[in-house]
Amino acid sequence: MDWLNKIAKKSSDIVDRSLDRNVRVAVTGLSHSGKTAFITSFINQLLHAPLTSQLTFFQADSENRLRGSKLSQHNELHIPGFDYSGAIKRLTNETAKWPLSTNGVSQAQLKCRFNVKHSWLKKIQAQSTVTIDIVDYPGEWLLDLPLLHMSFKDWSKACRDYLKSERRQEYTQKIASTISNQNYQSQHQDEVELSESVARLSTEYKAALLDYRADYNDYGLALPGRFIMPGELKGAPTLDFFPVLNDDVLSLDWEQFEENSLLRTLEKRFDYYKDNVIKPFFNEYFSRVDRQIVLIDTCTVLESGYEAYQDLKLTIEKLLEGFSYGRAHWLKRLFAPSIDKLMIASTKADLVPPDQHAALESFMQKMVAQAKNNVGYEGVEVETMAISAIATSEAVATEHAGKKLLCVKGKEERTGESVLHYPGIVPDKPLSRQHWDELEIDFSAFALPNLTPDEPLPQIRMDKVIQFLLGDKFL
Amino acid sequence: MSDKPVKFYSKDKAHQAAEKLVNEAVTSSRASDDGFQGQSLATTKASEIQLLSDRKKPWYKRLFWPSLSAFIITAAGYEAYQFVTGLLQENWLLGSGVGLLAGIVVISGGYSLFKGWKARRRFKHRQTQQQQFEQLLKGKSYGQANQLIASVTDEVEQYVRIEALKTSYEQKKQQVHNDQELIHIYSSSVLQGLDKMALDVVTKHASEAAAMVALSPLAAADMALVAWRSSKMIEQLSQLYGCPQTALGRFEMTKRVFKNMMLAGASELVADAGVELLGKSLTATISAKAAQGIGVGVLIARMGLQTMHLCRPIPFGQDDKPKLGQIRKSVYHKVVGLVKTASAGKADKSDDAIEKKK
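Looking at an unreviewed UniProt entry, one finds chain B named TIGR01620 family protein and attributed to Kangiella taiwanensis. Under the UniProt heading Sequence similarities (unreviewed entry), the note attached to chain B is "Belongs to the UPF0283 family."

Looking at an unreviewed UniProt entry, one finds chain A named YcjX family protein and attributed to Kangiella taiwanensis.

Pasting the structure below:
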């Protein structure tokens, strides 16, 4: 009977492989959109699901088919692991703190064992395992995509136009004039000295633009993704470059420049950045990711002004551009992307009373409508949702000025006292400049509630997120 | 009326009232569009595309059935009256006895008519509930489903004990869930439990009827059997979902069930045809009577599923629709098992007979 067992084992392997029960979920979003909290909660929910079946809308769980799940070591050993236990420890500490944010790529692997549902597959194998890889990377890096088909000259021109605006000049005037005064043509004998001066200038350039970005939340081409989030490349010479801003230099033919000139050095670094930083990143993430979730902090957008909203809208459109590869798109020729499901989620829904979740979602949906449409056109399934990875509040109904009002109740961040909060009316569609100025809205963040590691983290709609991203793998 | 262009100024007092009205009209129409603003329930129903019902039948056509039944009732009443008075004149004891009987007939008939009317109303109410749930499922409203769900739970609780299902629903629901999510949770917790019980009822009745028909020697008895079992099943199923139907009220329901079976059943038939074809060679090996039994069983199962569709407060989703396949299997096994034991019994008997002869 030995050979029979062998055949059974083999057929089970074949089923596993042909069904592809490995799924790679990529999590991204701009900084402070709640990526780390999301991944912590995502892993936490899946780890607790077989024990408590708390994930109502995750079909495999509500049908009680999950047998067990555990964290395991991922195969891509060059990617740092996601510190799940550390995050949980911070959350459940005596003085609870949010998990430390990650500054680069990190990965975690989960294995879930479940009872097979499909009536035919069940006969071959009663139980199966889904391997889930969760990869987290900064959304800022996605913004580098347009750089890929730009030369250093194109990029410099784009930067020159970008820095011309009045709003930006306030921050960048000083460094722009310093850069313009450089001698690009002259030969340098000492390479180390040249490298040091370039590093100094580029640090100044980055600092000026980062200051501007901190105030306006504006992501432009002039600030490549790794300038904002260097990750493991912090201090690497490939990040030391800046655009040429002089009109006279830009109009020259650059062929005539010497090998050791400042301009050549900058160009070399830019090309190196393109070929050895951006390309491998997109190669790794686009061609191997199956499911993508983009997190957007809609609450903060609503609190800031009209300008910030427009800027962020543009940024998100740029960010999502990476997923709307057309049939003959150059991206597709380069990487063969494999994403088939994309979720755009508005995080921190726990700051909004539940009756306004629909408005929050609709507002976000309209903000990304064009990008969503483009992505959907490529046959990628797109879904939007208002979620909260770790809920810090509960909904409470109260009466105010004779009217019934739904509020959220949580602990105030400063004093730790229990407060009821009504954030105002969340608009369900983008507003005009005037309406935006009139908008009275205030989402105050709550402190973390008391959490224990033995129970699943409180959440809003994480079960729906899991069902959308993974549900079809648990057949 | 002039064709000249006219300009209104917003500061003009007389004009302000009119301007407001237009604004209000615009905002209210937008509110009903959005779905989560609340008033969507009533308005969207009106916008549905429907064939106008033929209300414009001439009055003399519409009056046919009422007048005929009124005529028959009066005639019967008059005849009965004459009959009783005639008997009274002959013998007061006989007359009053028959009169008493007639009185009982009138009272009990009236009572069952009343019950039937109530059951019909309940059934209509269930239909509106279904429509309301369907409306809520389309939108993203908040806070409207709770009341509706509570009323359904109350109705079901009068006939079925559902504490366990209710607690599982209470555990699963959260404050943050919107109507759509709540309805899904209710459907997958409480109603799914009821569905399971309902399927058991359908399976039981279908296989019983199949066995009876397979064993019954008379064709006329078959028909009576089908009528009896199916009406019993409809009664039980409707009670399970909290809108019990009585003998008279069931008439409406049975009509709807048959209508739906003819219409909706056709598509199911196509889906099932493949399996049925496969099964045919098997059924052919059993006697014709057993095959008839299986046919009747499947018919009753189909009726049962249609009744479930009509009585379930929240319409079935695409995935959780009950399927005929499972019931058919148990019907088939029941009948085949019966035939096997019967034939085995016969074989035993004939063996006995042979031995006795010896």
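Further notes follow.
Looking only at helices and strands, one finds 12 helices and zero strands in chain B. Secondary structure elements in chain B, listed N-terminal to C-terminal, are α-α-α-α-α-α-α-α-α-α-α-α. For chain B, the accessible surface area stands at approximately 23500 Å², while carbon and sulfur atoms represent 63% of it.

Across the boundary between the two partners, chain A contributes 17 residues, which contact 15 residues of chain B. In this assembly, chain A packs against chain B so that about 1300 Å² is buried in total across both faces, 55% of it on carbon and sulfur atoms. Taken together, chain A and chain B are joined by three salt bridges. Counting residues per element, the ones that place at least two in the side of chain A that touches chain B are α15 (357-367) and β8 (393-400) of chain A. With three residues, α15(A) is the single largest residue contributor to the side of chain A that touches chain B.

On to the packing of helix α5 (residues 92-138) of chain B against helix α8 (residues 179-215) of chain B. All names here are of chain B. Look at α5 against α8: their axes get within 8 Å of each other, and the N-to-C directions meet at 125°. As far as their axial angle goes, α8 and α5 are oblique. Regarding α5 and α8, the two cross each other, and that crossing is left-handed. Of the residues in α8, those in contact with Phe-133, Leu-136 and Leu-137 of α5 are Asp-179, Gln-180, Ile-183 and His-184. Here the contact of α5 with α8 is built from residues that sort into four nonpolar, two polar and one charged.

We now examine the packing of aromatic side chains. Evaluation of the coordinates by the stated rule reveals 21 aromatic pairs over all chains. Relative to A:Phe42, the ring of A:Phe38 lies with its centre 5.7 Å away and its plane at 35°, an arrangement referred to as tilted. Of this pair, A:Phe38 and A:Phe42 both sit in helix α2 (residues 35-52), four residues apart, which is roughly one turn of the helix. Ring centres of B:Tyr169 and B:Tyr186 lie 5.2 Å apart, and the angle between their planes is 85°; on these two criteria the pair is classed as edge-to-face. Taken together, the residues span a long stretch of sequence, with B:Tyr169 in helix α7 (residues 163-172) and B:Tyr186 in helix α8 at a distance of 17 residues. Across this residue pair, the class does not change: B:Tyr169 and B:Tyr186 are buried. Taken together, the ring pairs connect A:Phe152, A:Trp155, A:Phe227, A:Phe241, A:Phe270 and A:Tyr273 into an aromatic cluster.

All names here are of chain A. With mixed pairing, the seven strands of this open sheet are ordered in space as β2-β3-β4-β1-β5-β6-β7. What marks the edges here is a single partner per strand, and that holds for β2 (66-72) and β7 (381-386). If you compare each strand with its neighbour and ignore which way they point, the axes differ by 20° on average. Along the sheet face, α2 touches β1 (22-29), β2, β3 (106-115), β4 (127-136) and β5 (291-296) and points at about 140° away from the line of β2.

This part is about the UniProt feature "transmembrane region" (unreviewed entry) in chain B. Residue and element names in this part refer to chain B. The feature "transmembrane region" (unreviewed entry), as given by UniProt, occupies residues 63-81 and 93-114 in the numbering adopted here. Taken end to end, residues 63-81 comprises 95% helix and 0% strand; its first and last C-alpha atoms sit 26 Å apart. In the segment residues 93-114, helix accounts for 100% and strand for 0%; the C-alpha atoms at its two ends are 32 Å apart.

Now for the confidence of the model for chain A. Do not read the fine detail of predicted coordinates wherever pLDDT is low. In this model, chain A carries a mean pLDDT of 83, and residues with pLDDT of at least 70 account for 94%. Confidence, read as mean pLDDT per element, is least for helix α14 (residues 330-335) of chain A in chain A (61) and greatest for helix α18 (residues 462-470) of chain A (93).

In this structure, A:Tyr184, A:Tyr205, A:Leu320, A:Phe323 and A:Leu342 are the most contacted members of the largest nonpolar core, which totals 94 residues. The leading source of residues in this core is helix α11 (residues 262-286) of chain A, at 11 residues. Counting 50 residues, the second largest nonpolar core, distinct from the first, contains B:Val202, B:Val213, B:Ala290 and B:Ile327.

Residue and element names in this part refer to chain A. Together, Asp-190, Glu-191, Glu-193 and Glu-196 line one region of the surface with negative charge. Summarising the element assignment, Glu-191 is placed in helix α8 (residues 191-216). What makes Glu-191 exposed here is its relative accessible area of 56%.

Conventions adopted
- Counting starts from 1 at the beginning of each chain's written sequence and moves along it residue by residue.
- Written order decides the labels, with chains lettered from A and ligands numbered from 1.
- In view of the model being predicted, local features appear only for residues whose pLDDT reaches at least 70, and side-chain atom pairs are presented and counted only at 80 or more, with totals across whole chains, interfaces and linings using the full set of residues.
- Working from all heavy atoms in the structure, the side-chain values ignore hydrogens and water.
- UniProt positions are given in the numbering used here, feature names are shortened, and annotations may be inferred rather than shown by experiment.
- By the criteria applied, helices consist of DSSP H or I runs no shorter than four residues and strands consist of E runs no shorter than two, each listed in order from the N terminus.
- Note on areas: these come from Shrake-Rupley sampling with a 1.4 Å probe, and a residue is covered only by the protein chains present in the view.
- Whether two residues are in contact is decided by their heavy atoms: any pair within 4.5 Å suffices.
- Accessible area, probed at 1.4 Å, shrinks when two parts are joined; the buried area is that loss added up over both.
- A carboxyl oxygen of Asp or Glu within 4 Å of a side-chain nitrogen of Lys or Arg is what we treat as a salt bridge.
- Every axis in this analysis is a line fitted to C-alpha atoms, fitted for helices over the stretch in contact. Angles between the N-to-C directions lie between 0 and 180 degrees.
- When describing relative orientation, an angle under 35 degrees is termed roughly parallel and one over 145 degrees roughly antiparallel, while 65 to 115 degrees is termed roughly perpendicular and anything else oblique.
- Left-handed describes a crossing whose near helix is turned anticlockwise from the far helix through less than a right angle; right-handed describes the clockwise counterpart.
- Polarity classes work like this: nonpolar for Ala, Val, Leu, Ile, Met, Phe, Trp, Tyr, Cys and Pro, charged for Asp, Glu, Lys and Arg, and polar for all others, with Gly in that last group.
- Here is the rule: rings of Phe, Tyr and Trp (six-membered ring for Trp) pair when centre to centre is within 6.5 Å. Planes less than 30 degrees apart are stacked, more than 60 are edge-to-face, and the remainder are tilted.
- Residue exposure (1.4 Å probe, protein chains only): buried if accessible area is under 20% of the type maximum, exposed if over 50%, otherwise partly exposed.
- Pairing between strands is defined by DSSP: at least two bridges between the two strands are required.
- pLDDT: the predictor's confidence for each residue, scored from 0 to 100.
- For the purposes of this section, nonpolar cores are sets of buried Ala, Val, Leu, Ile, Met, Phe, Trp, Tyr and Cys residues that join through side-chain atoms within 4.5 Å.
- A patch consists of residues exposed above 30% relative accessible area that lack any salt bridge, with like charges linked at up to 9 Å and nonpolar side chains (Val, Leu, Ile, Met, Phe, Trp, Tyr) linked at up to 5 Å.
- Charge convention: Lys and Arg are scored as positive, Asp and Glu as negative, and His as well as the terminal groups of each chain are ignored.
- Note on charges: their place is set at NZ of Lys, CZ of Arg, CG of Asp or CD of Glu.

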